[in-house]
Amino acid sequence: MSTPLSEKIVLITGATSGIGYEAAKSIAAMRDPGGTVGPRVVVVGRSVEKTARCLDEIRAAGGEGARVESLLCDFESQASIRALAAAFRERYDRIDILLNNAGTVYDKRKLTVDGYEATFAVNHLGYFLLTNLLLDLVERAGKDGGARIVNVSSRGHRQGTMDFADLHFERGYQIMRAYCRSKLGNVLFTRELSRRLRASDPACKVTVTCLHPGGVATGIWDHAPGWAQPILWLPKKLFFISQAEGGETLVHAATDPSLEGVTAVYFEKKTVSKPSALALDDALAAKLWDVSATLTGLS
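Basis of the calculations
- Residues numbered from 1 in each chain as written.
- Predicted model: local features only at pLDDT ≥ 70, side-chain atom pairs only at ≥ 80, totals over all residues.
- Heavy atoms only, no water.
- Helix = DSSP H or I, 4+ residues; strand = E, 2+ residues; numbered from the N terminus.
- Rg over C-alpha atoms; globule rule 2.2 N^0.38 Å.
- Buried < 20%, exposed > 50% of the residue type's maximum accessible area, 1.4 Å probe, protein only.
- Areas by Shrake-Rupley, 256 points an atom, 1.4 Å probe, with all protein chains shown as cover.
- Salt bridge = Lys/Arg side-chain N within 4 Å of Asp/Glu carboxyl O.
- Pairing = 2+ DSSP bridges.
- Right-handed = clockwise from strand over helix to strand, strands pointing away.
- 1 Å grid on protein atoms, 1.4 Å probe; cavity = no way out; pocket = protein on both sides within 12 Å on 5 of 7 lines; lining within 4 Å.
- Points joined across faces, edges and corners; volume = space filled by probe spheres on them.
- Nonpolar A, V, L, I, M, F, W, Y, C, P; charged D, E, K, R; others polar.
- Bend = angle between axes of the 7 residues up to and from the residue.
- Polar contact = N/O pair within 3.5 Å; in protein donor to acceptor, adjacent residues only side chain to side chain.
- Disulfide = S-S within 2.5 Å.

Colleague: Explain the overall build of the protein here, please?
Modeller: Within the protein, the regular secondary structure consists of 8 helices and 8 strands. Against the globule reference of 19 Å for 299 residues, the protein gives a C-alpha radius of gyration of 18 Å, in line with a compact fold. Viewed in the frame of its principal axes, the protein has a C-alpha envelope of about 55 × 45 × 35 Å. A buried classification covers 55% of the 299 residues belonging to the protein. Carbon and sulfur atoms make up 53% of the accessible area of the protein, which totals about 12900 Å².

Take a look at the structure:
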């Protein structure tokens, strides 16, 4: 039996801007039929001031009965991710929906405080570490009525490569190569996590999916080089969907009743789509898991 919305706890990273912010507003406004309070929505941001401002806005959008709280994290730091997980555990004992959405990209190669290429560290290792640190809380919710993990990927994963000999682009760094590799990592992680959950418990009610929300006019590409900004401006103006439309894809994957039990799939917008051949490589997914566990100290 599905857990009532009023009892669910939802954790959304990257929730102070873009599609994460829009998804948080939508989920905070949800109610059970005849219900007066919504799920407990925990939004994660990096800036104290911006997170506080967005918290007020998401609460207001959620209306009377909205229950929205916040935590802070800088996903370029594994210590910060561990602190986020610890702070979450102090307040909550379960996660019904984990939305891994925090993301970035850099025009020039940048290393995190942990010494890893920043795009890969935030977009892939951040998902990997936080999810594993809190996985038992997701599994606890799963036993009560089902739980979901949703990873925001991109159609860009189709151009991604996974060179373990140069995972952090010490040679030939390019903004799109780094971004696409991190998004390929999201799809591989989704499939391998789902496989592991099913292997440990065939009756597992935790589903893991990933998605491309569509070409969304968000601020993630503000880090693109100056020469590329005029090139990006036209397609953003003509072809990109709004942040609210992109947020709908997250909400669909996280809450739509028709997706109960659906796992290890990749969505493009709201449609199940076959990912790239590399993303379907089980051996590659298993190796990426092992390498990621080493890089995050979870091996």
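Having put the structure on the table, let's press on.
Colleague: I'm lost on the pattern of salt bridges in this one. Help?
Modeller: Any two side chains of opposite charge can pair, on the condition that their charged atoms come close. Applying the stated rule across the entire model yields 14 salt bridges. A salt bridge links Glu 69 to Arg 40; the nearest nitrogen and oxygen atoms lie 3.6 Å apart. With Glu 69 in strand β3 (residues 67-72) and Arg 40 in strand β2 (residues 40-45), the pair connects residues that are 29 residues apart, well separated along the chain. When the shortest N-O distance is used, the salt bridge between Asp 96 and Arg 94 registers 2.6 Å. Here Asp 96 falls in the buried class, since its relative accessible area comes to 1%.

Colleague: Looking at this structure, how should I read the pairing of β2?
Modeller: Looking down a regular strand, the side chains alternate between one sheet face and the other. Within β2, 5 of the 6 residues are buried, which leaves it mostly tucked inside the rest of the structure. In terms of strand pairing, strand β1 (residues 9-12) meets β2 through 4 bridges, oriented parallel. The residue of β2 that forms the bridge with Val 10 is Val 41. A crossover links β1 with its parallel partner β2, the connecting element being helix α1 (residues 18-28), and its sense is right-handed. With helix α2 (residues 48-62) bridging β2 and its parallel neighbour β3, the resulting β-α-β unit is right-handed.

Colleague: Would you mind going over the side chain of Asn 123 with me for this structure?
Modeller: Note that Asn 123 resides in helix α4 (residues 118-145). Under the relative-accessibility criterion, Asn 123 is labelled buried at 0%.

Colleague: What is the right way to look at the layout of surface pockets in this model?
Modeller: If you roll a probe as big as a water molecule over the atoms, it shows you where there is empty space left. Roughly 440 Å³ of volume is contained in the second largest pocket. If you go around the second largest pocket, you meet 22 residues; those closest to its centre are Ser 2, Lys 8, Arg 148, Thr 255 and Glu 260. The set of elements that each furnish at least two residues to the lining of the second largest pocket consists of β5 (147-152) and α7 (243-255). When the residues that make up the lining of the second largest pocket are grouped by side-chain class, the tally is 9 nonpolar, 7 polar and 6 charged.

Colleague: Hey, could you run me through α4 in this one?
Modeller: Structurally, the α-helix is built with 3.6 residues per turn, so residues lying three or four positions apart point the same way. At Leu 134, α4 shows its largest bend, some 55°. Counting buried residues along α4, 22 of its 28 residues qualify, which places the element largely inside the surrounding structure. Where α4 starts, the residue carrying a side-chain oxygen 2.8 Å from the main-chain nitrogen of Thr 119 turns out to be Glu 117. One or two positions beyond α4, positive phi appears at Gly 146, with a value near 110°.

Colleague: Just checking my understanding: could you explain the state of the cysteines for this structure?
Modeller: In protein chemistry, a disulfide is the covalent bond that joins the sulfur atoms of two cysteines. Inspection of the entire model under this criterion finds 0 disulfides. Note on Cys 73: no disulfide assigned, nearest cysteine sulfur contributed by Cys 54 at a separation of 16 Å. Unpaired in this structure, Cys 180 has its nearest cysteine sulfur neighbour in Cys 210, at a distance of 14 Å. For Cys 180, a relative accessible area of 4% gives the class buried.

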